[in-house]
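Survey of secondary and tertiary structure
Spelled out, the chains give:
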Amino acid sequence: MKLYSLSIHFKGATKANLLKAAYDLSSFSFFQRSSVQEFMTFTSALIVERTSQGSRASVKEQEYLCHVYVRNDNLSAVVIADTEYPQRVCFTLLDKNPREADAMTKVQAELDETKIILHNTMESLLERGEKLDDLVAKSEHLGNQSKAFYKTARKQNSCCEIM
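So, how was this worked out
Residues numbered from 1 in each chain as written. Predicted model: local features only at pLDDT ≥ 70, side-chain atom pairs only at ≥ 80, totals over all residues. Heavy atoms only, no water. pLDDT = per-residue confidence, 0-100. Helix = DSSP H or I, 4+ residues; strand = E, 2+ residues; numbered from the N terminus. Phe/Tyr/Trp six-rings, centres within 6.5 Å; stacked < 30°, edge-to-face > 60°. Buried < 20%, exposed > 50% of the residue type's maximum accessible area, 1.4 Å probe, protein only. Lys NZ or Arg CZ within 6 Å of the ring centre and 35° of its normal. Pairing = 2+ DSSP bridges. Patch = residues over 30% accessible without salt bridge, like charges linked within 9 Å, V, L, I, M, F, W, Y side chains within 5 Å. Areas by Shrake-Rupley, 256 points an atom, 1.4 Å probe, with all protein chains shown as cover. Salt bridge = Lys/Arg side-chain N within 4 Å of Asp/Glu carboxyl O. Lys, Arg positive; Asp, Glu negative; His and termini not counted. Charge placed at Lys NZ, Arg CZ, Asp CG, Glu CD. Expected span 1.5 Å × (residues − 1). Contact = heavy atoms within 4.5 Å. Core = buried A, V, L, I, M, F, W, Y, C linked by side-chain atoms within 4.5 Å.

Examining the confidence of the model for the protein chain
With 93% of its residues at a pLDDT of 70 or more, the protein chain has an overall mean of 86. Mean pLDDT values over the elements of the protein chain span from 57, in helix α3 (residues 98-101), up to 93, in strand β2 (residues 16-23).

Observations concerning the packing of aromatic side chains
In total, this model carries four aromatic pairs according to the counting rule given. An angle of 40° between the planes, with centres 5.7 Å apart, marks the rings of phenylalanine 39 and tyrosine 64 as tilted. Of this pair, phenylalanine 39 sits in helix α1 (residues 33-50) while tyrosine 64 sits in strand β4 (residues 64-70), and the two are 25 residues apart along the sequence. According to the relative accessible area criterion, tyrosine 64 is buried, its value standing at 4%. Within the aromatic cluster, the residues linked to one another by ring pairs are Tyr4, Phe28, Phe39 and Tyr64. Of note, arginine 56 hangs over the ring of tyrosine 69, and the distance from its end group to the ring centre comes to 5.7 Å.

Some thoughts on unusual backbone geometry
Positioned with a positive phi, glutamine 62 is a non-glycine residue whose angle comes to about 55°. Unusually for a residue other than glycine, asparagine 74 sits at a positive phi of about 70°. As for its placement among the helices and strands, asparagine 74 is situated in the loop between β4 and β5 (75-82).

Things to note about the pairing of β5
With seven of eight residues buried, β5 is to be regarded as a mostly interior element. Bridge count between strand β1 (residues 3-11) and β5: seven bridges; the pairing is antiparallel. When the bridges of β5 are listed, leucine 3 appears paired with alanine 81. Of the pairings in the sheet, the one linking β4 to β5 comprises seven bridges and is antiparallel in character. Residue pairing in the sheet places leucine 65 in a bridge with alanine 81 of β5. Hairpin connection from β4 to β5: four residues lie between these consecutive antiparallel strands, with asparagine 74 at a positive phi of about 70°.

Observations regarding a negative patch on the surface
On the surface, Glu123, Glu127, Glu130, Asp133 and Asp134 cluster together into a negatively charged patch. Its place among the elements puts glutamate 130 in helix α4 (residues 103-158). According to the relative accessible area criterion, glutamate 130 is exposed, its value standing at 51%.

Comments concerning α1
Between its first and last C-alpha atoms α1 spans 26 Å; for 18 residues at 1.5 Å apiece the expected length is 26 Å, and the two agree. Within the span of α1, buried status applies to Val36, Met40, Thr43, Ser44, Ala45, Ile47 and Val48. Lining the buried residues of α1 we find β1, β2, β3 (55-61), β4 and β5.

Considering the nonpolar core
Among the nonpolar cores identified, the biggest contains 15 residues, and Phe28, Met40, Tyr64, Val68 and Ile80 are the most heavily contacted of them. Sorting the residues of this core by element identifies α1, β4 and β5 as the ones contributing at least two each. When residues of this core are assigned to their parent elements, the largest contribution, five residues, is made by α1. For phenylalanine 28, the contacting residues outside a window of four places in its chain are Tyr4, Arg33, Val36, Met40 and Tyr64. Ala77, Val79, Ala81 and Leu94 belong to the second largest nonpolar core, which has seven residues in total.

What follows is the structure, encoded as structure tokens:
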């Protein structure tokens, strides 16, 4: 079971424009990768052009299965996988937000969000800690000043004592 390509196209009036694509060509030799990627790009665009709006299709091309979904707004997605890859999983990936299609990706997104919140909380705690340190330093300074004032006042008042 292998997923080779996921591409997003915009279906124009005459041709499909590739917006973004991701390929996993690690199972091919280094010298084959560019021609396989070119084949997948061409096949994806061709399938999008031949699929009507608001419909899905699966096309077998050589040893690959190409699954396409063209939305009503002409945005389309194509998944190219081997014949063992489940069709239901491909269309679930195409229908949904990719972050929600895979449980691990969804959990990772939630962890990233939690990490950001935790980071912000830690920053605010550190800022508060710095403010507390400033307050402690100011209170110590004020305490030292009050002791000095007390000593000065005692010296001043000692000359005025009646015996």
